Amino acid sequence: MVWFMRGVGRADTSLGDAGAIAALKSHDDVGVRQLVEAWTPSMLRLAREYVSSDASAEDAVQDAWITVLCQIERFERRSALRTWVLGIAINTARRAAGRERRTIPFSAIQRAERDDEAPAVDPARFDTRTGHWASPLPRWDLLPEEQLTSAELRGVIDSAIAALSARQRAVMIARDVLGMSTDEVGELYGLGTGNQRVLLHRARGKVRAAVETHEATSTEYPNTKSFESETARESRSIAWPGPRRAVPGENLVCRQLVELVTNYLDGGLDRGMRDSVEDHLAGCGSCRGYVAQVQRVLDVTVGIVPNVSPQLVDQLTAALRNVAFARTHP
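The structure presented is a predicted model; accordingly, all values stated were derived computationally and were not measured. (Residues numbered from 1 in each chain as written. Predicted model: local features only at pLDDT ≥ 70, side-chain atom pairs only at ≥ 80, totals over all residues. Heavy atoms only, no water.)

Regarding the packing of helix 14 (residues 271-283) against helix 15 (residues 285-301)
Keep this limit in mind: A fitted line through C-alpha atoms serves as each axis, taken over the contacting stretch for helices, and the angle formed by two N-to-C directions is quoted from 0 to 180°. Helix and strand labels come from DSSP, where a helix needs a run of H or I of at least four residues and a strand needs a run of E of at least two; each type is numbered from the N terminus. Every angle not falling under 35 degrees, over 145, or within 65 to 115 is termed oblique; those three ranges are roughly parallel, roughly antiparallel and roughly perpendicular. Left-handed describes a crossing in which the near helix is turned anticlockwise from the far one by less than a right angle; the clockwise case is right-handed. Contacts between residues were defined by any pair of non-hydrogen atoms, one from each residue, lying within 4.5 Å. By the convention adopted, Pro, Cys, Tyr, Trp, Phe, Met, Ile, Leu, Val and Ala count as nonpolar, Lys, Arg, Asp and Glu as charged, and the other residues, Gly among them, as polar.
Where helix 14 contacts helix 15, the axes come no closer than 6 Å and their chain directions differ by 115°. In terms of axis orientation, helix 14 runs roughly perpendicular to helix 15. Remark: the crossing between helix 14 and helix 15 carries left-handed chirality. Residues His280, Leu281, Ala282 and Gly283 of helix 14 lie in contact with helix 15, whose contacting residues are Gly285, Cys287, Arg288 and Val291. Across the contact of helix 14 with helix 15, the residue classes break down as 4 nonpolar, 3 polar and 1 charged.

In structure tokens:
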């Protein structure tokens with residue numbers, strides 16, 4: 001089942017950490033309900049990665065909220081409260097998955113590891129001599145806004161995320177869907193900044209490719225001929241350096257640039273390399289299109305989170321109220 005609710009799950013409550021902690025410790029019904037409404041969508045999205053059904057995810061999140069309420073006195077503020085709560089949700093879902101006996105074959109793990117190391121774009125898309133695009137990149141990013149924000153396209157993106165390897169999917173959901181910071185993701189999954197960027201880059205490339213395939217079957221791309229002539233003009237007579245990494249100050253080729261897109265969009269390039277990327281983009285329409293397409297995917301990806309019904313909020317707050325009453329009236 002796919003739910004869409006743009007923006008939910010990214011924003012923290014207006015309470016702030018101090019107010020949220022005080023609300024949990026004092027069992028303030030209004031404050032606790034505000035936290036449940038604000039953070040449950042993210043908790044459900046993360047929990048659903050481990051358990052077999054939406055109902056199991058809801059049960060895991062309820063158990064997680066109860067754990068939060070029971071352990072709030074032990075919270076040492078070594079991280080943001082939201083990160084701590086999301087970590088509890090993940091651990092609770094993992095335990096629930098263990099009870100469901102969900103297992104992953106070793107062969108699937110090996111395939112996933114190879115998938116994490118694969119290029120962001122199929123090497124066959126590039127000219128082996130020059131390293132530039134072998135054919136013009138279809139510019140679906142130029143399609144009307146309503147077509148690129150449709151529920152159908154959101155469904156394509158959600159399905160593409162679900163098909164990623166486990167590590168790619170976890171990082172993309174946390175970073176791009178839920179809007180978590182690099183530090184938060186590092187605390188949740190034990191992944192360093194560099195490792196996160198590699199996984200995120202591969203994931204974004206695959207999701208963009210899924211959107212490209214979808215649009216290719218449903219859209220006639222505009223101005224294809226003009227892009228062909230532009231690409232031909234931009235092709236340079238330089239040898240493709242294979243897997244050699246790009247060097248600041250050198251002229252980039254397209255295949256090098258696509259491997260820098262995530263660092264470029266996330267502000268992770270030093271000044272010299274950023275200048276090299278922007279110099280290339282100034283003269284390459286296809287690469288400008290590629291960067292724009294990745295950005296459009298990210299714009300649509302924001303907020304693909306569970307829509308929490310009022311009934312579930314009532315259920316969770318009632319459960320927490322019962323736990324609070326039991327703890328204060330032994």
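Thoughts on the nonpolar core
Test applied: Here, nonpolar core means buried Ala, Val, Leu, Ile, Met, Phe, Trp, Tyr and Cys residues that are tied together by side-chain atoms lying within 4.5 Å of each other. When accessible area is computed with a 1.4 Å probe and restricted to protein chains, residues below 20% of their type maximum are described as buried, those above 50% as exposed, and intermediate ones as partly exposed.
Core analysis: the largest hydrophobic core is formed by 70 residues, its most contacted members being Met43, Trp65, Leu81, Ile157 and Tyr189. In contact with Trp65, not counting residues within four places along its chain, are Leu35, Val36, Trp39, Thr40, Met43, Val85, Leu316 and Leu320. In terms of nonpolar packing, the next biggest core, distinct from the first, is built from 22 residues, Val121, Leu252, Cys254 and Val261 among them.

So, helix 8 (residues 166-177)
Most of helix 8 is tucked away, with 10 of its 12 residues classed as buried. One or two residues past the end of helix 8 sits Gly179, with phi positive at roughly 70°.

Details of the pattern of salt bridges
A side chain with one charge may pair with a side chain of the opposite charge, provided their charged atoms come close. The line we're drawing: Any carboxyl oxygen of Asp or Glu within 4 Å of a side-chain nitrogen of Lys or Arg constitutes a salt bridge here.
Tallied over the entire structure, the rule returns 20 salt bridges. Measuring nitrogen to oxygen at the nearest pair gives 3.0 Å for the salt bridge that ties Glu212 to Arg125. Taken together, the residues Glu212 in helix 10 (residues 193-218) and Arg125 in the loop between helix 5 (106-117) and helix 6 (145-148) connect sequence positions 87 residues apart. A residue is classified by how much of its surface remains accessible, and Glu212, at 9% relative accessible area, is buried. Taking the relative accessible area as the measure of exposure, Arg125 reaches 25% and is therefore partly exposed. Here Arg271 makes a salt bridge to Asp275, at a shortest N to O gap of 3.4 Å.

Re the packing of aromatic side chains
Under the convention used in this document: Whether two aromatic rings pair depends on their centres lying within 6.5 Å, for rings of Phe, Tyr and Trp, where Trp uses its six-membered ring; planes under 30 degrees apart make the pair stacked, over 60 edge-to-face, and the rest tilted.
Counted by the stated rule, this structure contains 3 aromatic pairs. For the pair Phe75 and Trp84, a centre-to-centre distance of 4.9 Å together with 40° between the ring planes defines the contact as tilted. Using a relative accessible area of 11% as the deciding quantity, one classes Phe75 as buried. Plain terms: the ring middles of Trp133 and Tyr290 are 5.9 Å apart, the flat faces sit at 40° to each other, and that makes the pair tilted. On the criterion of sequence distance, the pair formed by Trp133 in the loop between helix 5 and helix 6 and Tyr290 in helix 15 is long-range, its members being 157 residues apart. We note that Trp133, like Tyr290, is buried. Here the aromatic cluster, defined as three or more aromatic residues joined through ring pairs, consists of Phe126, Trp133 and Tyr290.

Some details on the side chain of Thr40
Stated formally: Under this definition, polar contacts are N or O atom pairs within 3.5 Å; protein pairs additionally need one hydrogen-donor-capable and one acceptor-capable atom, and for neighbouring residues in sequence, both atoms have to be side-chain atoms.
With respect to the helices, strands and loops of the structure, Thr40 is situated in helix 2 (residues 29-47). Looking at Thr40, the relative accessible area reads 0%, which means it is buried. A distance of 2.6 Å separates a polar side-chain atom of Thr40 from the backbone oxygen of Val36. A distance of 3.0 Å separates the side chain of Thr40 from the side chain of Trp65, its partner in a polar contact. Apart from the residues lying within four places of it in its own chain, the contact partners of Thr40 are Leu35, Val61, Trp65, Val308, Leu312 and Leu316.

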